[in-house]
Amino acid sequence: MIYDVIIIGNGPAGLAAAIYGKRAGLSTLLLSDSPMAGGQITSTYEVDNYPGLPKISGFDLGDKMKEHADALGAEYATGRVSEIVDNGDTKTLKTVDDGDFEAKAVVIATGADHRKLMIPGEQELTGMGVSYCATCDGAFFRNKRVAVVGGGDVALEDAIFLSRFAEKVYLIHRRDEFRGAKVLQEQVKAIDKIEIVYDTVVDEVVGKDSVEKILTTNKKTGEKSEIELNGVFMAVGIVPNVANIKGLPEQDKGGYLVAGEDCVTSIPGIYAAGDVRTKQLRQVITAASDGANAITSIEKYLNGQV
């Protein structure tokens, strides 16, 4: 069967694309290597910034999106895409173990993963004080002590943002100077609530039911320390989930698929939606918006309007 559109990924961008695809009367297949829909949000304890659904769990939000797509008749298949072959009017999606799929248009909505420190306690306490999104979770740490780990623009921005809520913010960086913009560095240094900890790495996150403290090492002196706090925000980078797919459209230096708000990429008939594309803000709401925009662009493409 040749589908009108195959969506790679079943997170918020993919599910929104499926919903809009079915409403547009397109034969639509969601193709993912994970049977659980919802993407990263399923591991988020509470989502408090999706309009109209405050304090919903990430699992429940993903489940509601899937229920919506199910009710409209979206189809699902499991498979890890290894290559996209551009045949002109159609695209062939090759998978590792599940055969080939064919469509007139493809939406790449594979998302992106936060780079992990891979230290003890990080995974176990994710969602219980360890976070990778200050704008998502910062409000939960009002009048509490938190740390931000990283030295780029995102880490500096996160520290500034968190200082609005938290009692104290430790900004921990493994080098003796930041990589982030000078203007952000100046802002950080001007905020009394922020304590900068240079030349330091986090060795472990400690806590029973939630984060209680972190263990650190000064790289220059070798001194071991511990900092008591309630939350740790990891800001050491984001990696788009496209590394193992051949035949991709143009990517930027960070590996993100180059596409604007219309989700159009450098290859006609292939679209990028959600965290995997170049964009300013990577949140559930912007991912869902991308899913809708991708289908709108596909409708024009299939109707010969581009």
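Structural data are supplied above this passage.
Scoring rules and cut-offs
Residues numbered from 1 in each chain as written. Predicted model: local features only at pLDDT ≥ 70, side-chain atom pairs only at ≥ 80, totals over all residues. Heavy atoms only, no water. Helix = DSSP H or I, 4+ residues; strand = E, 2+ residues; numbered from the N terminus. Rg over C-alpha atoms; globule rule 2.2 N^0.38 Å. Buried < 20%, exposed > 50% of the residue type's maximum accessible area, 1.4 Å probe, protein only. Contact = heavy atoms within 4.5 Å. Expected span 1.5 Å × (residues − 1). Disulfide = S-S within 2.5 Å. Salt bridge = Lys/Arg side-chain N within 4 Å of Asp/Glu carboxyl O. Phe/Tyr/Trp six-rings, centres within 6.5 Å; stacked < 30°, edge-to-face > 60°. Lys NZ or Arg CZ within 6 Å of the ring centre and 35° of its normal.

Enquirer: Help me understand the overall build of the protein chain, please; the structure alone is not making it clear to me.
Expert: Counting its regular elements, the protein chain contains six helices and 17 strands. Taken over C-alpha atoms, the radius of gyration comes to 21 Å for the protein chain, in line with the 19 Å a tight globule of 306 residues would show. Based on the C-alpha atoms only, the size of the protein chain along its principal axes is roughly 60 × 35 × 35 Å. Burial analysis of the protein chain (306 residues in total) assigns 50% to the buried set. A sequence separation of at least 24 residues applies to 57% of the contacts in the protein chain between residues at least 6 apart.

Enquirer: What's the story with the environment of Leu31 in this structure? I'm lost.
Expert: In this fold, Leu31 is placed in strand 2 (residues 28-32). The exposure class assigned to Leu31 is buried, which follows from its relative accessible area of 0%. It is 13 Å that separates the C-alpha atoms of Leu31 and Lys66, two residues lying 35 residues apart in sequence. Excluding residues that lie within four positions of it along the chain, Leu31 makes contacts with Ile6, Ile7, Ile8, Gly9, Ala77, Thr78, Gly79, Val81, Leu93, Thr95 and Phe101.

Enquirer: What is the right way to read helix 2 (residues 58-71) from this model?
Expert: The periodicity of an α-helix, 3.6 residues per turn, causes residues three or four places apart in sequence to face the same way. The terminal C-alpha atoms of helix 2 lie 20 Å apart, and with 14 residues this matches the ideal 20 Å at 1.5 Å per residue to within 8%. On its buried side, helix 2 packs onto helix 1 (12-23), strand 3 (75-78) and helix 6 (284-302). Note on helix 2: the residue one or two positions beyond its end, Gly73, has a positive phi of about 95°.

Enquirer: How do you make sense of the state of the cysteines when you look at a structure like this?
Expert: When the sulfur atoms of two cysteines share a covalent bond, that bond is a disulfide. Taken as a whole and judged by the stated rule, the model has one disulfide. Covalent S-S linkage joins Cys133 and Cys136, the inter-sulfur distance amounting to 2.2 Å. Every disulfide takes its handedness from the sign of the S-S torsion; for Cys133 and Cys136 that torsion is 70°, giving right-handed. For Cys263, which is in no disulfide, the shortest distance to another cysteine sulfur is to Cys136 and amounts to 19 Å. Of the residues examined, Cys263 reaches a relative accessible area of 0% and is grouped as buried.

Enquirer: Is there a simple way to think about the pattern of salt bridges in this case?
Expert: In a structure, side chains of opposite charge can pair up when their charged atoms sit close to one another. Overall, the coordinates contain 14 salt bridges when judged by the stated rule. The partner of Lys220 in a salt bridge is Asp176, with the nearest N and O atoms 3.3 Å apart. Of the two residues, Lys220 sits in the loop between strand 13 (213-218) and strand 14 (224-228) while Asp176 sits in the loop between strand 10 (168-172) and helix 5 (182-189), which places them 44 residues apart along the sequence. In this structure, Arg277 engages Glu261 in a salt bridge whose closest nitrogen and oxygen atoms are separated by 3.1 Å. You can see Arg277 sitting in the loop between strand 17 (270-272) and helix 6 and its partner Glu261 sitting in the loop between strand 16 (238-240) and strand 17, a full 16 residues away along the chain. Arg277 sits in the buried class, given a relative accessible area of 2%. Classification of Glu261 as exposed rests on a relative accessible area of 55%. Here the residues in one salt-bridge network are Glu261, Arg277, Lys279 and Asp290, joined through shared partners.

Enquirer: Even after reading the chapter, I still don't get the environment of Lys253, so can you show me in this structure?
Expert: With respect to the secondary-structure elements, Lys253 resides in the loop between strand 16 and strand 17. C-alpha separation for the pair Lys253 and Thr92, spaced 161 residues apart in sequence, amounts to 26 Å.

Enquirer: Explain the packing of aromatic side chains to me, please; I cannot follow it from the model alone.
Expert: Here the distance between the centres and the angle between the planes together describe a pair of aromatic rings. Under the counting rule described, the total for this entry stands at four aromatic pairs. Each ring, one from Phe141 and one from Phe233, has its centre 5.3 Å from the other, and the planes form 75°; the classification is edge-to-face. Residue Phe141 is located in the loop between helix 3 (134-137) and strand 9 (145-149), and its partner Phe233 is located in strand 15 (residues 231-234); the two are separated by 92 residues in the primary sequence. By the burial criterion, Phe141 is buried, and Phe233 matches it. Here Tyr271 and Tyr301 contribute two aromatic rings whose centre-to-centre distance is 6.3 Å and whose plane-to-plane angle is 70°, an arrangement assigned as edge-to-face. One end of the pair, Tyr271, is in strand 17; the other, Tyr301, is in helix 6, and 30 residues separate them in sequence. Summarising the burial analysis for this pair, Tyr271 and Tyr301 share the class buried. Taking the ring centre of Tyr76 as reference, the NZ or CZ of Lys66 above it sits at 4.6 Å. Lys116 extends its terminal NZ or CZ atom over the ring of Tyr132, reaching a point 5.1 Å from the ring centre.

Enquirer: How do you make sense of unusual backbone geometry when you look at a structure like this?
Expert: Among all residues save glycine, negative phi is the norm, and among peptide bonds the norm is trans. Here Met118, not a glycine, exhibits a phi torsion of approximately 60°, which is positive. Inspection of the secondary structure puts Met118 in the loop between strand 7 (112-114) and strand 8 (130-131). Accessibility expressed as a relative area gives 68% for Met118, which makes it exposed. Phi at Asn143 is positive, roughly 60°, even though this residue is not glycine. With respect to the secondary-structure elements, Asn143 resides in the loop between helix 3 and strand 9. Given a relative accessible area of 58%, Asn143 falls into the exposed group.

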